[in-house]
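The residues making up each chain are set out below.
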Amino acid sequence: MDKNELYAKIAEAVVDMEDEDVVDLCQTAIDEGLDAAEVIREGLIKGMDKVSELYETGEYFLPEVLTASFALNEGVELLKPHMKQETTTEKVKVVIGVVEGDTHDIGKNLVKIMCESAGFEVHDLGRDVPIDEFIREAKEVDADFICMSTLMTTTMAGMKSLVDKLKEQGIRDQFKVMIGGGPISQKFCDEIGADAYTTDAAAAVRKMKELKGIA
Ligand code: B12
């Protein structure tokens, strides 16, 4: 099977909530020597994008979305050990989480996986994380990056609050603040004074390398 055909089938299996098919097809992709990160990007995420569309148009409801996200996660679990592991000479430390009030963590988990496969040290705080907890952890591990994710407009304000708190504590320059998630934009990033925003997980890692001066 042509790789694009296989990616389309993986996406379709996510949309159809067929977790066993997702796992089998991801295994086929690995057996055929395809790049695990590409399988996630071109297969699993494309499928989840379609699920989002179906939810927006009222064809899918929360139970379908949840079941599809389980199927996506099964695929991610299978692919994770096959991600190419880069090694960076410089240790890059990342604190990541979903801001308080929000439990959407699919995107955050993908950013985490991409960071890990780039050889970064990742401290995952999970979801629904209080802003002070991001700061506490970042100080404790002496992080390079604080990465916040949110999918809800109601929780975006937490991101501004983190930047403001860092300023108040006189430690704004100690960390690079990266933000992402559905409602986030470059405009919002500029407005709140965060350091960077990207639309996807692979770009997030490229941006982090750029900011750290490791190409
Ligand atoms: C899946 C989903 C769910 C799942 C979540 C499962 C899970 N474990 O995450 C379930 C079914 C549980 C769910 C629940 C709810 N949901 Co929901 N959900 C979605 C849906 C359909 C898709 C989101 C998704 O996973 N996309 C796929 C991932 C891969 O994309 P992503 O997260 O954007 O991540 C990528 C990039 O953004 C980027 N990125 C992400 N994070 C970061 C971080 C950094 C630092 C960087 C650089 C990049 C980056 O990289 C990622 C990968 O490339 C969206 C619809 C949509 N259009 O987004 C609604 C949506 C987000 N949900 C919504 C709502 C309202 C809810 C509920 C409140 C519903 C309810 N009535 O109970 C609850 C949430 C409860 C809570 N407080 O958290 C709304 C939010 C509306 C708003 N204005 O805020 C949306 C937009 C749907 C809608 N149009 O109404 N949901």
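Residues numbered from 1 in each chain as written. Predicted model: local features only at pLDDT ≥ 70, side-chain atom pairs only at ≥ 80, totals over all residues. Heavy atoms only, no water.

Q: Explain the layout of surface pockets residue by residue, including any values.
A: Space inside the largest pocket adds up to approximately 1,500 Å³. Sorting the residues of the lining of the largest pocket by element identifies helix H3 (36–56), helix H4 (62–79), helix H5 (106–117), strand E3 (145–149), strand E4 (176–180) and helix H9 (201–212) as the ones contributing at least two each. A per-element tally of the lining of the largest pocket places H3 first, with eight residues. Lining the lining of the largest pocket are residues from two domains, each supplying at least three of them: domain 1 (3–82) and domain 2 (93–212). If you go around the second largest pocket, you meet 13 residues; those closest to its centre are Ala37, Met83, Glu86, Met114 and Ser117. (1 Å grid on protein atoms, 1.4 Å probe; cavity = no way out; pocket = protein on both sides within 12 Å on 5 of 7 lines; lining within 4 Å. Points joined across faces, edges and corners; volume = space filled by probe spheres on them. Helix = DSSP H or I, 4+ residues; strand = E, 2+ residues; numbered from the N terminus. Domains from an automatic or database assignment.)

Q: How would you summarise the coordination of the cobalt atom of the ligand if you had to cite specific residues and measurements?
A: Counting protein donors around the cobalt atom of the ligand gives one, His104 (NE2), at 2.2 Å. Along the polypeptide, His104 turns up in the loop between strand E1 (93–98) and H5. (Donors = N, O, S within 2.8 Å, 3.2 Å for Na, K, Ca; no water.)

Q: Just give me the short version of the sheet that holds strand E5 (residues 196–197), but keep the residues and values in it.
A: With respect to topology, five strands assemble into an open sheet ordered E2-E1-E3-E4-E5, the strand pairing being parallel. Each end of this open sheet is capped by a strand with a single partner; those strands are strand E2 (121–124) and E5. Sheet topology places E1 next to E3; five bridges connect them, and they run parallel. Within the sheet, the bridge partner assigned to Val95 lies in E3 and is Ile146. Relative to E1, helix H6 (residues 131–141) is tilted by about 165°, and along the sheet it contacts E1, E2 and E3. Where H9 meets the sheet, its contacts fall on E1, E3, E4 and E5, and the angle it forms with E4 comes to roughly 165°. (Pairing = 2+ DSSP bridges. Contact = heavy atoms within 4.5 Å. Axes fitted to C-alpha atoms, helices over the stretch in contact; angles between N-to-C directions.)

Q: So what about the pattern of salt bridges? Which residues, and what values?
A: Considering all chains together, one arrives at 18 salt bridges under this definition. Connected through salt bridges with shared partners, the residues Glu133, Arg136, Glu137 and Glu140 form a single ionic network. (Salt bridge = Lys/Arg side-chain N within 4 Å of Asp/Glu carboxyl O.)

Q: Which residues make up the domain arrangement of the protein chain, and what are the values?
A: Structurally, the protein chain comprises domain 1 (3–82) and domain 2 (93–212). At the interface, eight residues of domain 1 touch four residues of domain 2. Summed over both partners, the interface of domain 1 with domain 2 buries about 600 Å², with 90% contributed by carbon and sulfur atoms. There are zero salt bridges connecting domain 1 and domain 2. Our enumeration of links across domain 1 and domain 2 arrives at zero residue pairs in polar contact (both at pLDDT 80 or more). The set of elements that each furnish at least two residues to the side of domain 1 that touches domain 2 consists of H3 and H4. At four residues, the largest contribution of residues to the side of domain 1 that touches domain 2 is made by H3. (Buried area = accessible area lost by both parts, 1.4 Å probe. Polar contact = N/O pair within 3.5 Å; in protein donor to acceptor, adjacent residues only side chain to side chain.)

Q: Go over a negative patch on the surface, please, and point to the residues and values.
A: Residues Glu12, Asp16, Glu18, Asp19, Glu20, Asp21, Asp24 and Glu74 make up a contiguous surface patch of negative charge. Structurally, Glu74 can be placed in helix H4. Since its relative accessible area comes to 40%, Glu74 is described here as partly exposed. (Patch = residues over 30% accessible without salt bridge, like charges linked within 9 Å, V, L, I, M, F, W, Y side chains within 5 Å. Areas by Shrake-Rupley, 256 points an atom, 1.4 Å probe, with all protein chains shown as cover. Lys, Arg positive; Asp, Glu negative; His and termini not counted. Charge placed at Lys NZ, Arg CZ, Asp CG, Glu CD. Buried < 20%, exposed > 50% of the residue type's maximum accessible area, 1.4 Å probe, protein only.)

Q: Describe in detail unusual backbone geometry, supporting the description with residues and values.
A: If you check the backbone angles, Met17 has positive phi at about 60° while not being a glycine. In the Ramachandran plot, Asp142 falls in the positive-phi region, its phi being about 55° despite a non-glycine side chain. Along the chain, the position of Asp142 falls in the loop between H6 and E3.

Q: Talk me through the site of the ligand; I want residue IDs and the actual numbers.
A: Neighbouring the ligand are 34 residues, the closest being Glu56, Thr103, His104, Asp105 and Ser149. Asp105 has a polar side-chain atom sitting 2.7 Å from a nitrogen atom of the ligand. Gly181 places a polar main-chain atom, nitrogen or oxygen, 3.5 Å from an oxygen atom of the ligand. Taken atom by atom, the bulk of the ligand overlaps the largest pocket. Looking at the shell around the ligand, the element that brings in the most residues is H3, giving five residues. Its residues assigned to classes, the shell around the ligand shows 17 nonpolar, twelve polar and five charged. Of the residues that make up the shell around the ligand, three or more belong to each of domain 1 (3–82) and domain 2 (93–212). (Near = heavy atom within 4 Å. Sits in = over half its atoms within 2 Å of the grid points. Nonpolar A, V, L, I, M, F, W, Y, C, P; charged D, E, K, R; others polar.)

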